[in-house]
Amino acid sequence: MLVCQGPGIGSVTHKSTWALGARTKKWLLADVISTVEFSHSGDLLATGDKGGRVVIFQREQENKSRPHSRGEYNVYSTFQSHEPEFDYLKSLEIEEKINKIRWLPQQGAARFLLSTNDKTIKLWKISERDKRAEGYNLKDEDGRLRDPLRITALRVPILKPMDLMVEASPRRIFANAHTYHINSISVNSDHETYLSADDLRINLWHLEITDRSFNIVDIKPANMEELTEVITAAEFHPHQCNVLVYSSSKGTIRLCDMRSSALCDRHSKFFEEPEDPSSRSFFSEIISSVSDVKFSHSGRYMMTRDYLSVKVWDLNMESRPVETHQVHEYLRSKLCSLYENDCIFDKFECCWNGSDRNGTSDTPGKVWKEPYLQLPLRKKIPRSSNRIAAEKVTRGLKCASNSLQLDTYVLLKPS
Amino acid sequence: MMLSKGLKRKREEEEEEGKEALAVDTWWLDPGHPAVAQAPPAVASSSLFDLSVLKLHHSLRQSEPDLRHLVLVVNTLRRIQASMAPTAALPPVPSPPTAPSIADNLLASSDAALSASMASLLEDLSHIEGLSQAPQPLVDEGPPGHPIGGAPPSLGALDLLGPATGCLLDDGLEGLFEDTDTSMYDSELWAPASEGHKSSPEDGPGKEEAPELDEAELDYLMDVLVGTQALERPPGPGR
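Residues numbered from 1 in each chain as written. Chains lettered and ligands numbered in written order. Predicted model: local features only at pLDDT ≥ 70, side-chain atom pairs only at ≥ 80, totals over all residues. Heavy atoms only, no water.

In the nomenclature of an unreviewed UniProt entry, chain B is known as SERTA domain-containing protein 1 of Neophocaena asiaeorientalis asiaeorientalis.

Per an unreviewed UniProt entry, chain A is named Serine/threonine-protein phosphatase 2A 55 kDa regulatory subunit B, and its organism is Neophocaena asiaeorientalis asiaeorientalis.

This is the structure:
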C-alpha cells in the first residue's frame, strides 16, 4: 500500500481510488500510469500518466527510529508535463499521455529528465529551493513594489531557510520532428545527445538544440503499401556513444553504428531467433513483436521483451538469445481469445536491476541471478475503478502501479 | 484450438467498443475446448478471417491509426488468407449463414483483388503524412537513396475497392468523396490529378502532366481531403 503525502495527492489506500487532482483540486479518479522510470541512483522514481502529469517520488532517508522506512517512496514533485494538443491540419488530437521518461545523469544539484508524449519531447529541470532571500530594496516582503522615493537606505538581502520547495521548469521543447508516434527516447553516454524513435524513424538530438534533429534511421518504404514492419523500441549503448539498437514488430533487433554512415539504415548486427516450427501459429508474428529492449549496465548483453517471454542476448551472438524466460506461458493456448479482445497487442517493458552481474555458467539452462522487473502497460482506460497499489519489491525497489492496468513481476532466478 | 465450431458471432458495429467486449472468456472455459496448446489448424476458420478483416477495418478508420497494430493485423490477415487460398472459393460453413459475410464476398473475388485492396488501404497511410513532415529539418546528408515518395498521386488505386470489394468500406467508395469541398478542384493545380478520382486509375503520367504540382502540395491537398472525411466521421473510440 502506498501512502502518498504531498502536493497534489492525498492519501491512497488499497480500497480508495480517489486522489486529489493536482490541477482541478477536485477528487477524481487517478489517471492511469503510463510509464515508470527510476533515476540512476534509484533515489527518485518518476511516473508519467495518461493525463500528461509527471509525479516524482523520492526514497525516504534512512532513519534509525524507523528502520524499515528506507525503501518507501514519498511524493517529491508533481507537474503537468504535456497538455492535449490539436493538430488543425489533420483534425487530430494529440494525446497528452506520457509515453516515456528518461533521467539525465546527475551533474549538479538540479535533476533533469526527458518526458515525451506521441509527438513532443520536453526537458524538465527539477530543482530544490530551501532558502529564500529577504530584505529586498525595491519590494516589500509580500512582493509589493516600494516607492523608490521612500527608500532612504540600501540593504543587502539575506538568505533565510524555508520549507523545502521542489520546482519543475521546462527547459527545452523538442517538437515537430516526428510524423508517427514516439515510442522511445534514450540519452546517449556522451550526455549531450539523445535519440527519439517513432514507428518508422529514429532522430538524434542535441540537448541544447531544439530547432533541428538528425534522422539516423528511416525504415519508411517508398511505397507505404510495402510496409510490413515498424520500430517498437530503441536505445543507446551505455558506453559506446556511436552504438544504438532498435527492435521491430517482427521480433528482430538491429544494432547500428553511427560511425559507418550518417543514415543507419544498414545495420551492423541483426539479432533474430529462428521461429520454432512446432509452436508456429497465425499469431506467431504478433507475439514475437519486441515491446522493449534494454542494454545491461555492462553493455555486453541486452534484454528484449516480447509477448510471452524475456530474452537475454549476448551482443556477440546474433543467431539466438543466450537465455529465454517464459513469463506467462499459460497464455500460449489462449492466443486466439487474446487476439479477439486485442490484449495480444499489449506492450510490456523490462529492465535490469542495479547490478547485472554475469551469472551464467557453462551449463545450458543456467539462468541469470538477477531479478528483473516487468511492467505490462495497457493502453486502454479501465472501465472499472482504478487502484493504485504499491508492492515492495525485493532488494529495496518499490514501484507504484495501477493494479488493474499494471502488474509488477519480480522474477528471482536461482543462481 | 482456434474457435469453437458451429458458432458464428454477430458482427458488431465498429463504432462500439463492444467489438472488444465479445465474449472471449467462454472460448477457453468451454469444456469442449482443449486448454492445452496444440498444433494449430493449417487452415483458419472463416470467423478468424472475418475478425481480422474487422480489426483491419477498425484500425484504418481511426483518425490516426496505430501503425504497429495495423501492420500486425495486416500481416496476420495475409497469413490467414494464404492458408485459406487452396481451399476453394467458399470456406466450409457449419451453419447456414443468415447473410453473406465479408469472407464469402471477399473469397468470391480473386485473391489478387483482396491483396490489392488491402494494399491500397495501406496506401491511405501515406496520406497521413502531411505538412507535419515538411518542417522536419533534416541534415543535408539526408537519405540519398530514399525517394520522398510520400503520397502517390494514384488515388485511382482506390478504385480497386470497387463493387467487388466495396464491402471493406461500409459507405463504399462514393462515401469517401461525398461532401468533398469541390472548390479545390477549381484550382488549376488540381486539374490533372482530380479527374482521376472516379475514373480510370491514374498512373505516373498524371504526375508528370502537372510538373508544377509539388509533391508536398499534393500531400497537403490529399490530407485535407482525407481530413475532411475524418471530420465527418464520428470520433473513434476514446483515447
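1. Digging into the nonpolar core
Burial of nonpolar side chains together is a common tendency in soluble globular proteins. If you look at the biggest cluster of nonpolar residues, it comprises 35 residues, and the most contacted ones within it are A:Phe283, A:Tyr307, A:Tyr339, A:Ile344 and B:Leu48. Of all the elements in the fold, those that place two or more residues in this core are helix H1 (284-288) and helix H2 (335-340) of chain A together with helix H2 (46-60) and helix H3 (67-84) of chain B. Ranked by residue count, the leading element in this core is H3(B), at nine residues. Each residue touching A:Tyr339, except ones within four places of it in the same chain, is listed here: A:Phe283, A:Ile286, A:Ile344, A:Phe345, B:Leu48, B:Leu51, B:Ser52, B:Lys55, B:Val73 and B:Thr76. Counting residues in each nonpolar core, the second largest holds 13 residues, with A:Ile202, A:Val217, A:Cys256 and A:Cys264 among its members. (Core = buried A, V, L, I, M, F, W, Y, C linked by side-chain atoms within 4.5 Å. Buried < 20%, exposed > 50% of the residue type's maximum accessible area, 1.4 Å probe, protein only. Helix = DSSP H or I, 4+ residues; strand = E, 2+ residues; numbered from the N terminus. Contact = heavy atoms within 4.5 Å.)

2. With respect to the sheet that holds strand S6 (residues 73-80) of chain A
Residue and element names in this part refer to chain A. Strand order across the open sheet formed by four strands is S3-S4-S5-S6, with antiparallel pairing between neighbours. The open sheet has two edge strands, strand S3 (33-38) and S6, and neither has a second partner. Averaged over all neighbouring strand pairs, the angle between strand axes comes to 20°, with direction disregarded. (Pairing = 2+ DSSP bridges. Axes fitted to C-alpha atoms, helices over the stretch in contact; angles between N-to-C directions.)

3. Description of the pattern of salt bridges
Residue and element names in this part refer to chain A. Under the defined criterion, the tally for this structure stands at 24 salt bridges over all chains. For Arg212, the salt bridge identified is with Asp211, shortest N-O distance 3.6 Å. A residue is classified by how much of its surface remains accessible, and Arg212, at 46% relative accessible area, is partly exposed. Its salt-bridge partner being Lys294, residue Asp292 comes within 2.9 Å of it at the nearest N-O pair. Per residue, the accessibility class of Asp292 equals that of Lys294, and both read buried. Connected through salt bridges with shared partners, the residues Arg132, Glu134 and Lys160 form a single ionic network. (Salt bridge = Lys/Arg side-chain N within 4 Å of Asp/Glu carboxyl O.)

4. Some remarks on the sheet that holds strand S16 (residues 209-218) of chain A
All names here are of chain A. One open sheet accounts for four strands, arranged S13-S14-S15-S16; its pairing is antiparallel. At either margin of the open sheet sits one strand with a lone partner, and together these are strand S13 (184-187) and S16. When strand polarity is set aside, the average angle formed by the axes of neighbouring strands in this sheet is 25°. Pairing of S13 with strand S14 (residues 193-197), which is carried by four bridges, proceeds in the antiparallel orientation. Bridging across to S14, Val187 finds its partner in Tyr194.

5. As for H2(B)
Note: α-helices contain 3.6 residues per turn, so residues at a spacing of three or four share the same orientation. Spanning 15 residues, H2(B) covers 21 Å between terminal C-alpha atoms, matching the ideal 21 Å at 1.5 Å per step. H2(B) sits mainly inside the fold: 15 of its 15 residues count as buried. (Expected span 1.5 Å × (residues − 1).)

6. Here we look at the state of the cysteines
Among covalent bonds in proteins, the disulfide is the one between the sulfur atoms of two cysteines. Scanning the model with the defined rule gives zero disulfides over all chains in all. With no disulfide of its own, A:Cys350 lies 7.2 Å from the sulfur of A:Cys351, the closest cysteine sulfur. (Disulfide = S-S within 2.5 Å.)

7. Quick notes on the confidence of the model for chain A
All names here are of chain A. This prediction gives chain A a mean pLDDT of 80; 77% of its residues lie at or above 70. In this model, residues 1-27 is a region of pLDDT below 50 whose contacts with residues beyond four sequence positions or in other chains number 57 contacts. When the criterion is pLDDT under 50, residues 357-415 qualifies, and its contacts beyond four places in sequence or with other chains add up to 148 contacts. (pLDDT = per-residue confidence, 0-100.)

8. Details of the packing of H2(B) against H3(B)
Residue and element names in this part refer to chain B. Two elements in contact, H2 and H3, have axes separated by 9 Å at closest approach and are oriented at 150°. In terms of orientation, H2 lies roughly antiparallel with respect to H3. In terms of crossing hand, the pair formed by H2 and H3 is left-handed. Here Ser46, Leu48, Phe49, Ser52, Val53, Lys55, Leu56, Ser59 and Leu60 of H2 lie close against H3, whose contacting residues are His69, Leu70, Val73, Val74, Leu77, Ile80, Gln81 and Met84. Of the residues assigned to the contact of H2 with H3, the class counts are 11 nonpolar, five polar and one charged. (Parallel < 35°, antiparallel > 145°, perpendicular 65-115°, else oblique. Left-handed = near helix turned anticlockwise from the far one by under 90°. Nonpolar A, V, L, I, M, F, W, Y, C, P; charged D, E, K, R; others polar.)

9. Details of unusual backbone geometry
Residue and element names in this part refer to chain A. Here Asn176, not a glycine, exhibits a phi torsion of approximately 65°, which is positive. Residue position: Asn176 is located in the loop between strand S12 (158-174) and S13. Given a relative accessible area of 56%, Asn176 falls into the exposed group.

10. Examining the pairing of S16(A)
All names here are of chain A. Two strands pair when backbone bridges link them, and strand S15 (residues 201-206) and S16 are joined in this way by five bridges, in the antiparallel orientation. For Arg201, the partnering residue across the bridge sits in S16 and is Asp218. What sits between the antiparallel neighbours S15 and S16 is a turn of two residues.

11. Here we look at the environment of A:Phe283
Within the secondary structure, A:Phe283 sits in the loop between strand S20 (269-271) and H1. Sequence separation between A:Phe283 and A:Cys336 is 53 residues, and the spatial gap between their C-alpha atoms is 8.0 Å.

12. A look at the packing of aromatic side chains
All names here are of chain A. One pass over the structure, following the stated rule, counts 10 aromatic pairs over all chains. Note on Phe79 and Trp124: the rings are 4.5 Å apart at their centroids and 40° apart in plane angle, and the pair reads as tilted. A residue pair is termed long-range when its members are at least 10 positions apart, and Phe79 in strand S6 and Trp124 in strand S11 (residues 121-134) qualify at 45 residues. Classification of Phe79 by relative accessible area gives buried; the value is 8%. According to the relative accessible area criterion, Trp124 is buried, its value standing at 5%. Here Phe86 and Tyr88 contribute two aromatic rings whose centre-to-centre distance is 5.1 Å and whose plane-to-plane angle is 65°, an arrangement assigned as edge-to-face. (Phe/Tyr/Trp six-rings, centres within 6.5 Å; stacked < 30°, edge-to-face > 60°.)

13. Concerning the environment of A:Thr252
Residue and element names in this part refer to chain A. Positionally, Thr252 belongs in the loop between strand S18 (243-248) and strand S19 (253-257). Taking the C-alpha atoms as reference points, Thr252 and Glu272, 20 residues apart in sequence, are found 4.9 Å from one another. Setting aside chain neighbours within four positions, we find Thr252 in contact with Glu229, Tyr246, Ser247, Phe270, Phe271 and Glu272. Reaching out from Thr252, the side chain makes a polar contact with the side chain of Glu229 at a distance of 3.3 Å. (Polar contact = N/O pair within 3.5 Å; in protein donor to acceptor, adjacent residues only side chain to side chain.)

14. Re the pairing of strand S23 (residues 309-314) of chain A
Residue and element names in this part refer to chain A. S23 sits mainly inside the fold: six of its six residues count as buried. Residues Ser309, Lys311 and Trp313 point to one face of S23 and Val310, Val312 and Asp314 to the other, with burial holding for every one of them. Bridging between strand S22 (residues 301-305) and S23 involves five bridges; their strand directions are antiparallel. Each bridged residue has a counterpart across the sheet, and for Tyr301 the counterpart in S23 is Asp314. The loop that links S22 with its antiparallel partner S23 comprises three residues. Note that S23 and strand S24 (residues 323-326) share four bridges and pair antiparallel.

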